[in-house]
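Here are the chains, one letter per residue:
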Amino acid sequence: MGLNALDLGVIVAYMAGVTLFGLHFRRKQQTLKNYFLAGNSIPWWGISLSIVAAETSTLTVISIPGMAYDKDFRFLQLVIGYLIGRVVVSFVFIPQYFRGELVTAYQLMERRFGQKLRTLTAGMFLLTRAAAEGVRVFAVALVVRIALGNLLSGLGEFGRDLCAIAIVTLLTLIYTFEGGMAAVIWTDVVQLTIYVAGTIVGFFTILHLVPGGWQTMHAMASQAGKFHVFDLSWNFTTTYTLWAGVIGGAFLTTASHGTDQLIVQRLLSARSERQSKIALLSSGVAIFFQFSLFLLVGTMLYVFYRLFPSTVAFTRTDTIFPTFIVGRMPHGISGLLISAILAAAMSNLSAALNSLSSTTIVDFYRRIRPESTEQRQVELSRFATIGWAVVLFGLALLARHGGKVLEVGLSIASVAYGSLLGVFLLGVLTRKASERGAMIGMILGFALNLYLWLFTSVAFTWYVVLGSIVTFVVGYSASWLLPQTPRQVLR
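Reference entry: report on the structure contained in this document. Model, not experiment: these values are computed from the prediction.

A cluster of nonpolar side chains, contributed by Ile440, Leu444, Trp480, Leu481 and Leu482, occupies part of the molecular surface with about 510 Å² of accessible area. If you list the elements that add at least two residues to the nonpolar patch, you get α18 (435–455) and α19 (463–481). Within the secondary structure layout, leucine 444 lies in helix α18. The exposure class assigned to leucine 444 is partly exposed, which follows from its relative accessible area of 42%.

Right, let's get into helix α15 (residues 333–368). Each turn of an α-helix holds 3.6 residues, which means side chains three or four residues apart point in the same direction. Under the 1.5 Å per step criterion, the end-to-end length of α15 is 51 Å for 36 residues, consistent within 8% with the ideal 52 Å. The largest bend in α15 is about 30°, located at isoleucine 361. For α15, the tally of buried residues reaches 28 of 36 residues, placing the bulk of the element in the interior.

By the secondary structure assignment, serine 479 is in helix α19. On the basis of relative accessible area, serine 479 is assigned to the buried category, the value being 4%. When sequence neighbours within four positions are dropped, the list of residues in contact with serine 479 reads Lys432, Ala433, Ser434, Gly437 and Ala438.

Moving on to the pattern of salt bridges. Taken as a whole and assessed by the stated rule, the structure comprises 10 salt bridges. Residue arginine 266 pairs with aspartate 188 through a salt bridge whose shortest N-O separation is 2.7 Å. Linking arginine 266 in helix α12 (residues 261–268) with aspartate 188 in helix α9 (residues 157–209), this pair joins segments that are 78 residues apart in sequence. The residues arginine 266 and aspartate 188 share a single accessibility class, namely buried. Here lysine 277 ties to glutamate 273 by a salt bridge, and the two come within 3.3 Å at their closest N and O atoms.

The rules we used
- Residues numbered from 1 in each chain as written.
- Predicted model: local features only at pLDDT ≥ 70, side-chain atom pairs only at ≥ 80, totals over all residues.
- Heavy atoms only, no water.
- Patch = residues over 30% accessible without salt bridge, like charges linked within 9 Å, V, L, I, M, F, W, Y side chains within 5 Å.
- Areas by Shrake-Rupley, 256 points an atom, 1.4 Å probe, with all protein chains shown as cover.
- Salt bridge = Lys/Arg side-chain N within 4 Å of Asp/Glu carboxyl O.
- Helix = DSSP H or I, 4+ residues; strand = E, 2+ residues; numbered from the N terminus.
- Buried < 20%, exposed > 50% of the residue type's maximum accessible area, 1.4 Å probe, protein only.
- Expected span 1.5 Å × (residues − 1).
- Bend = angle between axes of the 7 residues up to and from the residue.
- Contact = heavy atoms within 4.5 Å.

Set out below in C-alpha cells:
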C-alpha cells in the first residue's frame, strides 16, 4: 500500500513533538553537572527506561525481527548474559563511580592510574563509539528509504540515504544541543513508550492478518523450529551459542554498562548509588521482555510471508519488518510504527551525542584549559555536540556498504570493549597494577580484538571475553615486571 498523507502526518507530528519536548529542558542547563548529569535529579525508573532506550537503536528494532525471520530465538542466549553482566556492574563498578564527583567513567582511571591512561581510555571510547554509532545512524536510512520511497523517488540511492540521515540527525541535535542529559533521558522515556507500543500494535496486526491467528502461527513456527533457543555447541565461530551468550554476553554488558560513557553517564545521573543499582538491574528485566517481543514479531513475519509471499525478494533481513509496515499495515498504524522505529534512532543518537560531548570536554578540554569558566565549558559542550553530529553523519554515509547492521555495530563496539573492561578490572580488583603495565595490557588486548575481527572467523560474542582476559593478564604481569608506584588503590 505504501504510506499516505495520514501516515506522513503522524511521522511529522511525532518528530516535531519530541523535538519540542526535548527543548523544554534548555533553561535548566547552566553547569556541567546539570548539562551532563541532569543535576542528579532523575528517579531510578526514568534512568532504567533510558538505559533500555539507549541499548535499543534502530538496529535492534529492524534487525532482531530479521534474525528471528531468518533463524530462530537463539539471540536470547546473549540476553541471559546481559542480565548477569548487570549484576557484576552493580556490585563492582557503581560503588566506585559514586565515590567522588565524577562526570565520566574515565575520571576513575586517572584517580587509580594517572592522566595517560585516562586519555587512552577516553580516546578509545571516542573513536569506537563514533564508529559504532555511525553504523546505527545508517540504519535509519534503511527505514526512511522504504517509508518515504514515493517522496524520494526522484533521488538516487545515495540521495535518499543522505536525506534520511540528515533529517533524523538534525532534529535529534536540536534538543540534545539545548537540553543536555535531562532532555536525553526524558525523551528516551517517551520514545521507549512509543516504539514498544508500536511493536505491540504490529504484533496484534500480524496476528489478525494470519488466518487462524495464534494457533496457525504457533504451529507453523514450531514446525520450522523458530522457537529454538539453546545451542549447547562449543564453536567459537558460531555467534549465538549458550556459552557465547552467557559468558560473552555477560562480559559484553559488563564492559558496555561499566566502562562505556554512553551508559555510565546515565548511572551517574541517579539521585543515589542505591537508585543507580536499582535502575540498572530493573532495566535487565525490561530488556529481556523487549528482545523477546522483537523476536516473536520476526517469527510471526516468517509465518505471514509463508502464507502471503512477498512480490519482491528481500535482499537483506534488516528490511523485512519496515517493508511489512509500509506494505501491509493499515494507514495511520503504518505511520505510528515508522515513528516508533525513528524514535529508537533518535533516542540512541541523542545518547551518543551527549556522551561523546561530555568525554570531549571533561576528559580532554577541561584538563588542557583548567582555568576555563564553567559557563564557557557548557557553551563548548554544546559546540562539541554539533561537531560530533557532523562526524556521525559522515560515518553513517560511510557505513552504507556494511553487512547486517546489528552485527556490524556490535562487532565494532566489542573490539574496544575487551581492552576497556580489562583495564577497568585491573584498576578496581588489583592493588599491584600500575599505569605502565595497564597501558601495555590494554594495547595488546585491543590489538588481539582487532586481529580477531579483521582476520579470523571468531564470533564477535567472544571478542570482549578474550580481549579483557589478555588485557588483565598482560597488564598485571607487566606491572610486576615493570614496577611502578600505584597512584591510588580503589577501595
